[in-house]
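So the chains spell out like this:
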Amino acid sequence: FERMKHEKLKTGTKLVKGEVSVGGDTVVALSMATINAPVKNVVAYLLYHNPRYHTVLNVEDPGIIGTGVQILERTSAHHLVSSTRFNTPTPLTNREVVASTIWRKDNEEKFSVVTFSCEHEGCPLDNSNFVRVVVTRAFKLKQNTDNTTSVEVVGSLNLMGVIPRWINDALTVPQLAGTPLN
């Protein structure tokens, strides 16, 4: 990320700051935020341990198709494979992500969470109604003394297929940074 040309991330909020590299098929972003929750709650959120909470959030998001994240397999307490489907503007084909998420406890105050695209038999790549997206995200989570969590996220996303760059940037950057659409 450091060697790429990047600019300030426009998040629409003062709660999240970061940088983004745009202009190619793959968008790369770095964002930092403080979350008003203990670090273990943030890890649980990233690993979808509360599906009812995600269902409530997804009802408010017109970009989500269906119930949002579907857990395809939870191979251990530290690893899951999931899929998510997203609406895209007409006339583009809707997108789907199949990703593996793994977490590790670095010490009592720090956790690492990595998400990357994968294939899974529960979501075969034969659906002509969706284009498969390629994603990678790495989270560094640190418990603060005031019971908040510092989060640093580095991610890359390629929406794949034929898609205008301005749409790619408008959809991709918020997904990577975890912020509302600009």
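Look up a bit, the structure's there.
Keep in mind that what you see is a predicted model, and the values were worked out from it rather than measured.

1. Regarding the environment of Val 154
- Of note, Val 154 is situated in strand β10 (residues 149–158).
- A residue is classified by how much of its surface remains accessible, and Val 154, at 32% relative accessible area, is partly exposed.
- Expressed as a C-alpha distance, the spacing of Val 154 and Ser 31, which sit 123 residues apart in the sequence, is 6.6 Å.

2. A short note on unusual backbone geometry
- Unusually for a residue other than glycine, Asn 147 sits at a positive phi of about 70°.
- Examined against the element boundaries, Asn 147 turns out to sit in the loop between β9 (134–143) and β10.
- Residue Asn 147 is classed as partly exposed on the basis of its relative accessible area, which comes to 44%.

3. Brief notes about the pairing of strand β5 (residues 79–86)
- Among the eight residues that make up β5, six are buried, leaving the element largely enclosed by the rest of the structure.
- Inspection of the sheet shows strand β4 (residues 70–76) paired to β5 by four bridges, in the antiparallel sense. The partner of Ile 71 across the bridge, within β5, is Ser 82.
- Connecting β4 to the next strand, β5, in antiparallel fashion are two residues.
- The sheet contact formed by β5 and strand β6 (residues 94–105) spans eight bridges and is antiparallel.

4. Digging into helix α1 (residues 39–46)
- Burial in α1 covers these residues: Val 39, Val 42, Val 43 and Leu 46. An end-on view of α1 places all buried positions within 100° of arc, on one side of the element.
- In this fold, the buried residues of α1 make contact with β3 (26–35), β6, β7 (110–117), β9 and β10.
- Tyr 48, located one to two residues past α1, shows a positive phi value of around 55°.

5. Concerning the packing of aromatic side chains
- All chains considered together, the criterion is met by one aromatic pair.
- Ring centres of Trp 103 and Phe 111 lie 5.7 Å apart, and the angle between their planes is 45°; on these two criteria the pair is classed as tilted.
- For Trp 103, a relative accessible area of 15% puts it in the buried group.
- On the basis of relative accessibility, which here comes to 3%, the residue Phe 111 falls in the buried class.
- For Arg 85, the ring lying beneath its charged end belongs to Phe 130, and the centroid distance is 4.1 Å.

Definitions and cut-offs
- Residues numbered from 1 in each chain as written.
- Predicted model: local features only at pLDDT ≥ 70, side-chain atom pairs only at ≥ 80, totals over all residues.
- Heavy atoms only, no water.
- Helix = DSSP H or I, 4+ residues; strand = E, 2+ residues; numbered from the N terminus.
- Buried < 20%, exposed > 50% of the residue type's maximum accessible area, 1.4 Å probe, protein only.
- Pairing = 2+ DSSP bridges.
- Arc of directions from axis to C-beta.
- Contact = heavy atoms within 4.5 Å.
- Phe/Tyr/Trp six-rings, centres within 6.5 Å; stacked < 30°, edge-to-face > 60°.
- Lys NZ or Arg CZ within 6 Å of the ring centre and 35° of its normal.

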